[in-house]
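# Remarks on the overall topology
Here is how the chains run, residue by residue.
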Amino acid sequence: MCQEWTKTCRAANIPLHKSDNTEMRKFLQSRVANGDSIPKCSQLRDCYLFDVYKVEKEKLKERIRGKNVALMVDELSDDEGRYVVDIMAVILDFDHLSQSGRSVAYLLDTQFLSETNNKTVSQAVVPTVNEFNIAFDNLRVFNSDNVSYMKKALNDTYLIFFH
């Protein structure tokens, strides 16, 4: 029940902390069979979220497998001044559009880096591409914010794939 609730909240984009809401608790306890067995968000997060994440990640790997993709790499900094690199993929296939007919970007990984340069970005991108089994021939687009070190990271990444 708890894993299904966590999965449902994730699918509906409902933050887990909404499970702690007084009205939500009343509803779950009175209207949902075994609804009173759903714990507070901290336990959902600590005990169930990672398992849901692993299942969803495997589904995403299957969805991407063998498809042409556009890889997007975006660097930013968080509120603590750390460098963050988001690695996203868009499947270049009309069968994988959103309900509104638009392309869907999937977040493959988020890496926190000590610094951003071509080496650290390449070191973040290559393992992610490998983990998701994106073949070099299926990597059709590499999109970034056009910073010079991102261009060099792309070249470094291509060298790794060619050798």
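Read on for an overview of the structure. The structure presented is a predicted model; accordingly, all values stated were derived computationally and were not measured.

Quick look at the overall build of the protein chain now. What the protein chain contains, in helices and strands, is six helices and four strands. Helices and strands appear in the protein chain in the N-to-C order α-α-α-α-β-β-β-α-β-α. When burial is assessed residue by residue, the protein chain has 36% of its 163 residues classed as buried. Put simply, of all contacts in the protein chain between residues at least 6 apart along the chain, 59% involve residues at least 24 apart. Looking at the protein chain as shown, the accessible area adds up to about 10,200 Å², and 49% of this sits on carbon and sulfur atoms.

This part covers the pairing of strand β2 (residues 83-91). With respect to burial, β2 is a largely interior element, seven of its nine residues being buried. Relative to β2, strand β1 (residues 69-77) is paired through nine bridges, and the arrangement is antiparallel. Paired with Met-72 across the bridge in β2 is Met-88. Taken together, β1 and the strand that follows it, β2, pair antiparallel across an intervening segment of five residues, in which Gly-81 is found at a positive phi of about 80 degrees. Direction of pairing for β2 relative to strand β3 (residues 105-113): antiparallel, over a ladder of eight bridges. Counted as the bridge partner of Ile-87 is Asp-109 from β3.

What the rule picks out here adds up to one aromatic pair. In this structure, Lys-61 packs its charged tip against the face of Phe-132, placed 5.8 Å from the ring centre.

Attention now moves to the nonpolar core. Counting residues in each nonpolar core, the largest one holds 20 residues, and the members touching the most others are Ile-64, Leu-71, Leu-108, Val-125 and Ile-134. Secondary structure elements with two or more residues in this core: α4 (49-64), β1, β2, β3, α5 (118-131) and β4 (139-143). When near neighbours in sequence (up to four residues on either side) are disregarded, Ile-134 contacts Ile-64, Val-69, Leu-108 and Val-129. One finds Leu-16, Ile-38, Cys-41 and Leu-44 within the second-largest nonpolar core, a separate group that totals eight residues.

Scoring rules and cut-offs
- Residues numbered from 1 in each chain as written.
- Predicted model: local features only at pLDDT ≥ 70, side-chain atom pairs only at ≥ 80, totals over all residues.
- Heavy atoms only, no water.
- Helix = DSSP H or I, 4+ residues; strand = E, 2+ residues; numbered from the N terminus.
- Buried < 20%, exposed > 50% of the residue type's maximum accessible area, 1.4 Å probe, protein only.
- Contact = heavy atoms within 4.5 Å.
- Areas by Shrake-Rupley, 256 points an atom, 1.4 Å probe, with all protein chains shown as cover.
- Pairing = 2+ DSSP bridges.
- Phe/Tyr/Trp six-rings, centres within 6.5 Å; stacked < 30°, edge-to-face > 60°.
- Lys NZ or Arg CZ within 6 Å of the ring centre and 35° of its normal.
- Core = buried A, V, L, I, M, F, W, Y, C linked by side-chain atoms within 4.5 Å.

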